[in-house]
Amino acid sequence: MKIRRFAVVLCVLAFIAGACGSSSKKSASGGTTTTAAGGSSSSCKATTGIKIVGLAETTGEGAQAVPYFANGWQLGVDAVNAAGGICGQQISYERLPMSPTDNAQAKNTLLSALDKKADVLLGIVNSATVVALAPNVTQAATPTIAFSSVASAFLGAPNSVGSQWLFMIRPRNTTVTTAQIDYLVKTLGKKKIGLQCVNQTFGVQSCAAAKAAIEADGGTVVDQETNEVTDTNLTSKVLALKNKGADGIYAAVFPNNGVVFFNELADNDVNVPVFSGAIAGLAMGTGQIKPAAVKNLYGLDDCAPAVESRASKFNTAYRAKFGKAPSYSAAQAYDAIFIVKKVAEAAGGYDKAKIAAELAKLDYDGACTHYQADKGNGLAHSAVLETFATDGTPTVVKSVDIPPPANGG
Amino acid sequence: MVFATATSDFLSYLSAAISEGSITALAALGFLLTFKATGVISFAQGAFITLGAYLAYWTSGKHDWPIVPAYVFAIVAMFFVGVASERIAYRPLRGRSIHVVVIATFGISEIVVTLINIFFGASPQGLDPLVQGGFHVSGAYIPWQRVIIVGVTLVTTAALVWLFGSTQFGRQVRAVASDRETAQLYGVPVGRLSIIAFGLAGSLAGLAGVLIAPVGSIDPNFGFLIMLGGFYAAILGGFGSLGGVVVGGFLIGFVQYVIGSYWWRDYQSLLPFVLILGVIAVSPQGLFGNRNAHGRL
Amino acid sequence: MRERVRRVKPPIYRGMPYLTIALFVVGLVIYRNWRTHGLAQESLFNDWLLYALVVLGFYFVFGVAGQFAFSQAAVFGLGGYVSAWATFNHSHPVFVGMIAAAVVALGASFVFALLMQRTEHFYFAVGTLGLQTIIVLVISKWTHFTHGGGGEVSGIRPWSMFGHTFLTDFDMFKVLTLALGVGLVLAAFIERSPVRREAIAVRDQPIVARTLGLPALRIRIVMFMLGSTFAAVAGSLYAHRAASLSTESFSVELGLYIFLMAILGGLGSMWGAVVGSWFFVYSTQELQTSSIVINHHKISEFKPILFGALLIIMMIAAPEGLTGLFRRVVRRRRSAAMPLFLSRFLGLAKDPVASNDLDLDRPGPTVSVERPPIGDAVLEARGITVRFGGVRAVDEVDVSLRDGEILGLIGPNGSGKSTLLNAITGVVPAGGSLRIRGTDVRLGRAETVVRAGVYRTYQTPQRYLELSCIDNVLLSTTDRRLTGVVSSILLRPLVLRHERARWQRAAEALDRVGLLDVAEAPAGSLSYGANRMLELARVIAGDAKVVLLDEPSAGLNHAETELLAAHLRALRDEGVALLVVDHKIDFISSLCDRVVVLELGRLVAEGDPHGIWQDERVVTAYLGSA
């Protein structure tokens, strides 16, 4: 009962903070902390280092592995340790590769991390895996910051698998979709939308959310096409969308499909705005998208650390160490380490329940975005809408605010 | 207006069907070659297709070679990779049952794909086409690369037909394919034949890889599905005749990209499987095979 | 002789597999409670048990029945999804989910195997790859079935039985151990029943199996269904343990790993499934969590390379897998030093007392003084024609074989003798008519000819190298009752009784040809002459009425040929009609009552065995015109 009242107060505060939140986004660059509510950072003295375990693959470990999480975590750990560590001790950090396809193996990896006495878990980057492992996280009673956006992992969502231990560092995929649709339908004024959805959880859920958002905004879905992850030719889908007269397209596909899809749209003279969320950036990374297609493409990433000023310090450090521009995942991974520092020091130690409680009221300005915990344990509430130059450099068109659902979840 | 759209749509589908069918046919020709010469179905063919594409990407993308030398390098290098696979997976296992060799080719496939993963990462990469751009036919856009694919496939098929029909190598392969022991007694150098066959199959795989890669993007697993399509084409074609598998490849392309584009678009990629299951349930020797051929399989 | 035969016991009674299984289960429990530390290891243990069950099913499909199936992973997933769907409604007990999964798997595998009935090996493998893809696609698309999108199902109820809910890994361990124990017992039932030798027969030489009268199609379908059911049951348990499912977990990759586990463990024994899955599950985990770094890459990145290399090395050096290696090592070390009880416990066959050569000093069969009179025609073939392309290998040949006679068939090489036998026994398609004991028998079906009592032997002795001699003989039994999988499990005592009787008959046949001492030795270890006798034993045990022998004396020396002739005469005296194809003049002359001559597919002469060699046409046929 007391908790509920406390939560209500928190929500109101969060709402107020969110309302005037946009101005604070342009404040200091990543790496600095603001004073947290309750507990000062200097009251924490520990005898051993906090154990942080990262759960993600890196390049070479799997068919879908990207290096961003591992790189970001490593950079963050190095930076925090160089500045004195957490609670006066160096962080004990370890990364375990977690399979995004084999749930049984992913579970064992999670359990291994617990066997290694992890105090905090970071990672789980695949939507299906988060859903599958959420009960294990709850059972383990260990604060976990997941790097996925699957809506059902948030507390209070329909069919939620969330818990007080699971926190999401990315905005809800459904709201991300809604933000794009809002821009497409309301700002760009396109009413006849075509949908292209890959036949996987990600595609199916995104398209369902898109459909709902389109209709809520007063548009219509003129055609909905599906494809398999492995498809290398999408001409029939492109022509169907064209023949149905779509004047805007929302695509929830995988990057390799994306490359083919965007090019075939341009080849067949379908010159309409194409929104593709985070996939656009990944597809641009292949360098295979034709200029005619690039100019129609819109992406939405959680943030754009390569070009945003708030991430400039992180950007420079990342490029210096890894020789490439960072992605939003790397920025989030980097921020996660600093978040752990902040909540551990606010909690005065490594007690898991206290850390989880501190996470539930997180207010932190990071390289990627300003993090503010909401009722559903979501930490991030913004994204950036981008267009691209032919060489892949993104331009931020608009920073989009994604407030948490009013009724929780 | 509607008719014009219908024509241009149909032409688009047809061009996709023909080019995808060509790639399938190339993949099938590759392991038909090893099958005829050694009786082995090499499950490493998919990995070789992928490897060929990545070798071209490595030289042209990472080291800035011009396109044509990069492609040629890939195809030639894949010849030696094919020979290596013969030495590793076939030679030490000669005399054992065919299953054992096939399983060993799985092992090779796993190794190759993982090496690609480690060296190049799993994110999709791109390979530049031989000729950029395309042209329009009745409103349908046809990329030049697709035309090149079809052309190269036809030339390759013709070359293989000539090779099998008119050269000594081809005669020897046919002899070995029909009765290995007798051919050996007649002095056919079966060992050398295996090496060349595996090498050529590797090159064919590399060729398929570099041709299809520019149409989309490449990732470490894209060759596996092409190989699967090649299996289906070979089955349809009856695993005996070159012409049969080429027709099989085009048939699969037609079913998936023309028929599938008009009906059952959502299940388009399922249609080749259904076709295959239907064909082998009714006629196990495929559409063009001979009755006795499937005994060995 | 009778005494020795009666003392022989079928392998069903030998070894103590149930004791082994019981000890294994107890060992599992002990190991689990004593040595398993940490949550990850608890979870791994359960993973091992689940995979062992799946691979056990695969052992039957691939190891025993020889079918290259990639669908095991898909059926595993299908079982999970069906179980989740069936238990979505909370009023159904969770057990219903497992039954539903098993039923669906039985149905789907039956339909699939029936569709694929005429394909073998590679084509079958590709078909199962297609089946795998179809199952995954259907599950992803059929949202009504999965109550969700894209094949993801969550919130599956935990397993519960007898009012108890099994939530944690420790709870599920009990359920899974029970399941694996049951699975192993069922596997033992099947291993130690006629099913095993029949499946191996169909696997190794399907054509010969059909000429022995084995129901090849039924055996293959049943084994496939059996393996698929194991996978589906395991899938059901997996779903209720994991509480959520996604189609990405049941990909072709998993199918390949199941392959790997079966091969690593060894395809020769059901324990291979247990060993192989153990090795795979634990080594994967070790690699994943190890901190070893090679050249800036964690060793876990090299996992597929290591497994791929392991696969190749195993195929080269130890294709029989870990259990096979174990058996090889044990057999070699097994001298007098091994106590009898241990060897009995491990079920190791007795080494043959005598050598594996024919014992020519042994007295041959007694030939009765009086032979029975030659009676009516027992086999009449009219107008047999066999065409290969444009060539007529056999051209309108009429042959009749009378009761109690030995008919010789001679002719130069290439005259079509073997082809004629192939035509009569239904191995090649042929035109013409065939009557056996007055009843018309359709040409071209091997099973019907065998059922009419016609057996044949081959130019090169066709026997199953892997099976023991007595297993080879047992395959010819006429008593086909209760040889199926279902009977082996449900009607076990009856099966055992029939086996005992069959075994007696087989042992008697072996004793008659002098091979009883090597009954348990693998047929591959026999000498050439002994192999001929084995074929004869098969014919004797099969209660043949007519035997067609294709060059039975080929490769035998003089003494062995004499022995063979003596055996054939003894058979004739028992009322079996024989048709002997051969080249040796003495052999034919001394043995046959009548001889017919074939040249270029046509019957050119007929006569008594002594005069026929002088016949001009025969001389010309053999030697060419002067």
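Residues numbered from 1 in each chain as written. Chains lettered and ligands numbered in written order. Predicted model: local features only at pLDDT ≥ 70, side-chain atom pairs only at ≥ 80, totals over all residues.

## Focus on the overall build of chain C
Moving on, step 1. Counting its regular elements, chain C contains 25 helices and 16 strands.
Moving on, step 2. Across its three principal directions, the C-alpha atoms of chain C cover 90 × 60 × 55 Å.
Moving on, step 3. Considering chain C as a whole, with its 626 residues, one finds that 52% of them fall into the buried category.
Moving on, step 4. In chain C, the share of contacts with a sequence separation of at least 24, taken over all contacts with a separation of at least 6, comes to 75%. (Helix = DSSP H or I, 4+ residues; strand = E, 2+ residues; numbered from the N terminus. Buried ≥ 20, exposed ≤ 12 C-beta atoms within 10 Å, placed from the backbone. Contact = placed C-beta atoms within 7 Å.)

## Comments concerning the sheet that holds strand β4 (residues 144–146) of chain A
Residues and elements named next belong to chain A.
Moving on, step 1. Taking strand neighbours across the sheet as the criterion, the five strands line up as β2-β1-β3-β4-β5 in an open arrangement whose pairing is parallel. Each edge of the open sheet is held by one strand with a lone partner, namely β2 (92–96) and β5 (166–168). With strand direction ignored, the average angle separating the axes of adjacent strands in the sheet is 20 degrees.
Moving on, step 2. Of the pairings in the sheet, the one linking β4 to β5 comprises three bridges and is parallel in character. Each bridged residue has a counterpart across the sheet, and for T144 the counterpart in β5 is L166. (Pairing = 2+ DSSP bridges. Axes fitted to C-alpha atoms, helices over the stretch in contact; angles between N-to-C directions.)

## A closer look at the sheet that holds strand β9 (residues 274–275) of chain A
Residue and element names in this part refer to chain A.
Moving on, step 1. Here seven strands make up an open sheet; going across it, the order is β7-β6-β8-β9-β10-β13-β14 and the pairing mixed. Bordering the open sheet on either side are β7 (220–227) and β14 (394–401), each of which pairs with just one other strand.
Moving on, step 2. Sheet topology places β9 next to strand β10 (residues 297–301); two bridges connect them, and they run parallel. Residue F275 lies in a different strand from β10, and its bridge partner there is Y298.
Moving on, step 3. Along the sheet, helix α6 (residues 173–187) contacts β6 (192–198), β8 (248–252), β9, β10, β13 (382–388) and β14; its crossing angle with β8, the most-contacted strand, is approximately 165 degrees.

## Points about the interface of chain B and chain C
Moving on, step 1. Taken residue by residue, the interface counts 30 residues in chain B and 30 residues in chain C.
Moving on, step 2. The set of elements that each furnish at least two residues to the side of chain B that touches chain C consists of α3 (67–90), α4 (98–120), α9 (222–237) and α11 (271–282) of chain B.
Moving on, step 3. The element contributing the most residues to the side of chain B that touches chain C is α4(B), with twelve residues.
Moving on, step 4. Across the side of chain B that touches chain C, the residue classes tally to 24 nonpolar, four polar and two charged. (Nonpolar A, V, L, I, M, F, W, Y, C, P; charged D, E, K, R; others polar.)

## Here's the deal with the packing of helix α5 (residues 95–115) of chain C against helix α11 (residues 216–242) of chain C
All names here are of chain C.
Moving on, step 1. Interaxial distance between α5 and α11 falls to 8 Å at its minimum, and their mutual angle equals 150 degrees. Taken together, α5 and α11 sit at an angle that is classed as roughly antiparallel. For the element pair α5 and α11, the recorded crossing hand is right-handed. Note on element contacts: α11 touches α5 through R220, I221, F224, M225, S228, T229, A231, A232, V233, G235 and S236, opposite G97, M98, A101, A102, V104, A105, L106, S109, F110, A113 and L114.
Moving on, step 2. Of the residues assigned to the contact of α5 with α11, the class counts are 15 nonpolar, six polar and one charged. (Parallel < 35°, antiparallel > 145°, perpendicular 65-115°, else oblique. Left-handed = near helix turned anticlockwise from the far one by under 90°.)

## Concerning the environment of L44(C)
Moving on, step 1. Its place among the elements puts L44(C) in helix α3 (residues 39–64).
Moving on, step 2. Linking L44(C) and Y282(C), residues 238 residues apart in sequence, is a C-alpha distance of 7.3 Å.
Moving on, step 3. Those residues in contact with L44(C) that lie beyond four places of it in its chain are N108(A), V281(C), Y282(C) and Q285(C).

## Here we look at the environment of N256(A)
Moving on, step 1. Note that N256(A) resides in helix α9 (residues 255–267).
Moving on, step 2. Each C-alpha atom, one on N256(A) and one on T286(A), is 8.9 Å from the other, the two residues being 30 residues apart in sequence.
Moving on, step 3. Leave out the neighbours within four places in its chain, and N256(A) touches P124(B), G216(B), S217(B) and D219(B).

## Focus on α3(C)
Moving on, step 1. In this model α3(C) runs 36 Å from its N-terminal to its C-terminal C-alpha over 26 residues, within 8% of the 38 Å that 1.5 Å per residue would give.
Moving on, step 2. Backbone geometry just downstream of α3(C) places G66(C) in the positive-phi region, at approximately 70 degrees. (Expected span 1.5 Å × (residues − 1).)

## Here we look at the interface of chain C and chain A
Much of the literature gives interface size as the accessible area that the parts lose upon coming together.
Moving on, step 1. Taken together, the contact pairs 27 residues of chain C with 29 residues of chain A.
Moving on, step 2. Taken together, the elements giving at least two residues each to the side of chain C that touches chain A come down to α3, α6 (121–141) and α13 (271–289) of chain C.
Moving on, step 3. The element best represented in the side of chain C that touches chain A is α3(C), accounting for five residues.
Moving on, step 4. Taken together, the residues of the side of chain C that touches chain A sort by class into five nonpolar, 17 polar and five charged.

## Brief notes about the domain arrangement of chain C
All names here are of chain C.
Moving on, step 1. Partitioning chain C into domains gives domain 1 (17–256) and domain 2 (377–623).
Moving on, step 2. Computed over C-alpha atoms, the centres of domain 1 and domain 2 are 43 Å apart.
Moving on, step 3. At the interface, 21 residues of domain 1 touch 23 residues of domain 2.
Moving on, step 4. At the level of elements, α8 (169–191), α9 (194–204), α10 (206–211) and α11 are the ones that each hand at least two residues to the side of domain 1 that touches domain 2.
Moving on, step 5. A total of seven residues in the side of domain 1 that touches domain 2 trace back to one element, the largest contributor, which is α9.
Moving on, step 6. Considered class by class, the residues forming the side of domain 1 that touches domain 2 number 13 nonpolar, four polar and four charged. (Domains from an automatic or database assignment.)

## Some thoughts on helix α22 (residues 528–541) of chain C
Moving on, step 1. With 14 residues, α22(C) should reach 20 Å at 1.5 Å per residue; the first-to-last C-alpha distance of 20 Å fits that figure.
Moving on, step 2. Extensive coverage of α22(C) is indicated by the burial of 13 of its 14 residues.

## Here we look at the confidence of the model for chain C
Moving on, step 1. Per-residue pLDDT for chain C has a mean of 82; in total, 91% of the residues score no lower than 70.
Moving on, step 2. Here residues 349–355 of chain C is modelled with pLDDT under 50, and outside its nearest four sequence neighbours on either side it reaches nine contacts, counting other chains as well. (pLDDT = per-residue confidence, 0-100.)

## Quick word on the confidence of the model for chain B
Moving on, step 1. Mean pLDDT over chain B stands at 84; residues scoring 70 or higher make up 94%.
Moving on, step 2. Between residues 291–297 of chain B, whose pLDDT stays under 50, and residues either more than four places distant or in other chains, the model counts 15 contacts.

## Focus on the packing of α3(C) against helix α12 (residues 252–265) of chain C
Residue and element names in this part refer to chain C.
Moving on, step 1. Closest axis-to-axis distance for the α3/α12 pair is 9 Å, and the angle between their directions is 80 degrees. Considering the angle they form, α3 stands roughly perpendicular to α12. Touching Y51, V54, V55, F58, Y59, F62 and G63 of α3 are I258, M261 and A262, all from α12.
Moving on, step 2. A breakdown of the residues in the contact of α3 with α12 according to their chemical character gives nine nonpolar, one polar and no charged.

## Some remarks on unusual backbone geometry
Residue and element names in this part refer to chain A.
Moving on, step 1. One non-glycine residue, C87, adopts positive backbone phi at about 55 degrees.
Moving on, step 2. Of note, C87 is situated in the loop between α3 (68–82) and β2.
Moving on, step 3. For C87, a count of 23 C-beta atoms within 10 Å puts it in the buried group.
Moving on, step 4. Of note in this structure, I124 is not a glycine but carries a positive phi near 65 degrees.
Moving on, step 5. Position of I124 among the secondary structure elements: in the loop between β3 (120–123) and α5 (127–140).

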